[in-house]
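Coordinates in review
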Amino acid sequence: MTRTLMTTVAALALCGTAASAQTVGFSQIGSESGWRAAETTLTRQQAEERGYQLQFSDAQQRQENQIAAIRSFVAQGVDAILLAPVVATGWDSVLQEAQEAEIPVVLLDRRVDSAEDLYLTAVGSDLVHEGEVAGQWLVDQVAGEDCRIVELQGTTGSSPAIDRKAGFEAAIADHENLEIVRSQTGDFTRAQGKEVMESFLQAENGGADICALYAHNDDMAVGAIQAIKEAGLAPGEDILVVSIDAVPDIFQAMAAGEANATVELTPDMAGPAFDALEAYWADGTEPEKFIQTESRLYTQADDPQGEYDRRKDLGY
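Definitions and limits used
- Numbering of residues starts from 1 in every chain and runs along the sequence as written.
- Reporting of local features is limited, given that this is a predicted model, to residues whose pLDDT is at least 70; pairs of side-chain atoms are given and counted only at 80 or more, and all residues count toward the totals for whole chains, interfaces and linings.
- Only hydrogens and water are set aside when side-chain values are computed; all heavy atoms of the structure are taken into account.
- The way it works is that DSSP assigns letters per residue, a run of H or I at least four long becomes a helix, a run of E at least two long becomes a strand, and they are numbered from the N terminus.
- Throughout, radius of gyration means the C-alpha value; the globule benchmark is 2.2 Å times the number of residues raised to the power 0.38.
- For each residue, the accessible area found with a 1.4 Å probe, counting protein chains only, is set against the maximum for its type, and the residue is called buried under 20%, exposed over 50%, and partly exposed in between.
- Residue contacts are counted whenever heavy atoms from the two residues lie within 4.5 Å of one another.
- What counts as an axis is a line fitted to C-alpha atoms, over the stretch in contact for a helix, and the angles between N-to-C directions run from 0 to 180 degrees.
- With the far helix as reference, a near helix turned anticlockwise by less than a right angle produces a left-handed crossing, and one turned clockwise produces a right-handed crossing.
- The classification used treats Ala, Val, Leu, Ile, Met, Phe, Trp, Tyr, Cys and Pro as nonpolar, Asp, Glu, Lys and Arg as charged, and all other residues, Gly among them, as polar.
- These domain boundaries are the output of an automatic or database domain assignment.
- Here the quantity called buried area is the accessible surface, traced with a 1.4 Å probe, that two parts lose on coming together, added over both.
- Put simply, a salt bridge is a Lys or Arg side-chain nitrogen that is within 4 Å of an Asp or Glu carboxyl oxygen.
- Two aromatic rings from Phe, Tyr or Trp, using only the six-membered ring of Trp, form a pair when their centres are within 6.5 Å; if the ring planes differ by under 30 degrees the pair is stacked, by over 60 it is edge-to-face, and anything between is tilted.
- The criterion for a charge sitting over a ring is simple: Lys NZ or Arg CZ within 6 Å of the ring centre, and within 35 degrees of the ring normal.
- Among buried residues, those of type Ala, Val, Leu, Ile, Met, Phe, Trp, Tyr and Cys that are joined through side-chain atoms within 4.5 Å constitute a nonpolar core.
- The rule for pairing is simple: two strands pair if DSSP sees at least two bridges between them.
- UniProt positions are given in the numbering used here, feature names are shortened, and annotations may be inferred rather than shown by experiment.

**Things to note about the overall build of the chain**
On a plain count of helices and strands, the chain comes out with 11 helices and 12 strands. Relative to its length of 316 residues, the chain is compact, with a C-alpha radius of gyration of 22 Å against a globular reference of 20 Å. For the C-alpha atoms alone, the extent of the chain along its principal axes is close to 75 × 50 × 30 Å. Looking at the chain residue by residue over its 316 residues, the buried ones come to 50%. Looking at the chain alone, contacts between residues at least 24 apart form 75% of all its contacts between residues at least 6 apart.

**Some points on the packing of helix α5 (residues 127–142) against helix α6 (residues 159–172)**
One can describe the packing of α5 onto α6 by two numbers: an axis separation of 6 Å at closest approach and a directional angle of 40°. Both α5 and α6 take part in a crossing whose hand is right-handed. Within the contact between the two elements, α5 uses Leu 127, Val 128, Glu 130, Gly 131, Glu 132, Ala 134, Gly 135, Gln 136, Leu 138 and Val 139 and α6 uses Ser 159, Pro 160, Asp 163, Arg 164, Gly 167, Phe 168, Ala 171 and Ile 172. Here the residues of the contact of α5 with α6 sort into nine nonpolar, five polar and four charged.

**Topic: the domain arrangement of the chain**
How big an interface is tends to be stated in terms of accessible area lost as the parts join. Its domain assignment divides the chain into domain 1 (2–124 + 266–285) and domain 2 (127–264). If you average the C-alpha positions of domain 1 and of domain 2, the two centres end up 33 Å apart. Carbon and sulfur atoms make up 54% of the area that domain 1 and domain 2 hide from each other, which totals about 910 Å². Its largest share of buried area at the contact with domain 2, domain 1 owes to Glu 32, Trp 35 and Arg 110, together 41% of the area lost on that side.

**Focus: the pattern of salt bridges**
Overall, the coordinates contain 24 salt bridges when judged by the stated rule. For the salt bridge of Arg 36 with Glu 39, the shortest nitrogen-to-oxygen distance reads 2.9 Å. With a gap of three residues between them, Arg 36 and Glu 39 both fall in helix α2 (residues 34–50), about one helical turn apart. Considered together, Arg 36 and Glu 39 belong to a single accessibility category, that of buried residues.

**Some points on the packing of aromatic side chains**
Here the structure, examined in full by the defined rule, presents five aromatic pairs. Against the face of Tyr 119 rests Lys 289, its NZ or CZ located 5.2 Å from the ring centre. A cation over an aromatic ring shows up here: Arg 296 above the ring of Tyr 298, its NZ or CZ 3.9 Å from the ring centre.

**A few points about the environment of Phe 251**
Checked against the element boundaries, Phe 251 lands in helix α9 (residues 248–255). On a C-alpha basis, the gap between Phe 251 and Ala 122 in space is 28 Å, while along the polypeptide they are 129 residues apart. Setting aside anything within four residues of it in sequence, one finds Phe 251 in contact with Ala 246, Thr 262, Tyr 298, Pro 304, Glu 307, Tyr 308 and Arg 311.

**Some details on the nonpolar core**
The biggest cluster of nonpolar side chains holds 67 residues, and the ones touching the most others in it are Leu 82, Trp 91, Leu 108 and Met 197. The biggest single contributor to this core is helix α8 (residues 218–230), with seven residues. Counting contributing residues, this core receives three or more from each of domain 1 (2–124 + 266–285) and domain 2 (127–264). With residues near it in sequence (within four places) discarded, Leu 82 still touches Val 24, Gly 25, Phe 26, Ser 27, Thr 43, Val 106, Leu 108, Ala 273, Phe 274 and Leu 277. One finds Val 142, Cys 147, Phe 168 and Ile 244 within the second-largest nonpolar core, a separate group that totals 19 residues.

**Details of the sheet that holds strand β2 (residues 53–58)**
Spatially, the six strands line up as an open sheet ordered β2-β1-β3-β4-β5-β11, and their pairing is parallel. This sheet does not close on itself; its edge strands, each paired only once, are β2 and β11 (290–292). Each strand axis lies, on average, 20° off the axis of its neighbour in the sheet, ignoring direction. Relative to strand β5 (residues 121–124), strand β4 (residues 105–108) runs parallel, the two sharing three bridges. In the strand pairing of β5, Leu 107 is matched with Ala 122. Contacting β1 (23–28), β2 and β3 (80–83), helix α3 (residues 63–76) runs over the sheet at an angle of about 175° to β1.

**Some thoughts on the UniProt feature "domain: Periplasmic binding protein" (unreviewed entry) in the chain**
In the UniProt entry, the feature "domain: Periplasmic binding protein" (unreviewed entry) is given for residues 25–268. Taken end to end, residues 25–268 is 43% helix and 21% strand, and its first and last C-alpha atoms sit 17 Å apart.

**Here we look at unusual backbone geometry**
Phi angles above zero are rare outside glycine, and Glu 102 is one such case at about 60°. Mapped onto the elements, Glu 102 comes out in the loop between α4 (92–100) and β4. Note on Glu 102: relative accessible area 73%, which makes it exposed.

As structure tokens, then:
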């Protein structure tokens, strides 16, 4: 009898928790990279640990799908919206709709070109700084030697592509020995990274005229590494490879000597986002408009195999 009563009380308590649980809509760009998949996994984990109901929408890298998802979240009356925007422009109307519905929006890992009062806060890295760190590593690595660089850009119009390019260019601007000779989007995907790198190699004397590859994310770098190997060259030696994100596969490549450096972008954007939302829900506390996450440079000297082992189960 006592056990039955305890079970009933526990069930009622769980029902009460579920009834009062906050519902959060999450419009994710897609799954174009291992990093993106890890961000999704960690967001789901954070929501579950905090007792939130997460309404998830995969936009498959299409802004119109994200806009439709946000409008659906507004119609459902969710308590908050997380948005990882595929591009920086074109959000004013739908963000205004969320604001009019009094639903706070938090941007994850990318920024938008909209008025700051249309969203609660943005959580992310300093994307320009990431590019600067990658560029400075290359400046130091070549030590004054001439270096012809090919660049794999991210999705055209996205804030990471814009900012990571700007930061890298700023870092090498005063070094005449460094020159970006080819630059093209690989759309943040491994397949496109490989395809574009193949065209770079063909255009640059089979790769003999390329000193270094700068990729806006690791997945494109991994695809490019495969192209370099298929061209009969040694990635990491014949062509230096520096990229951004710090996903497990790039650490495997570094451990094998096929990549040289990566700049970390943590996939745990949801933790700071939920912290900000909880404070806002509690008493209306508004966070800073940008919550910056930590980034660091990893090279082959930083135990890449160990880093791979520590990250491989995070959903990448």
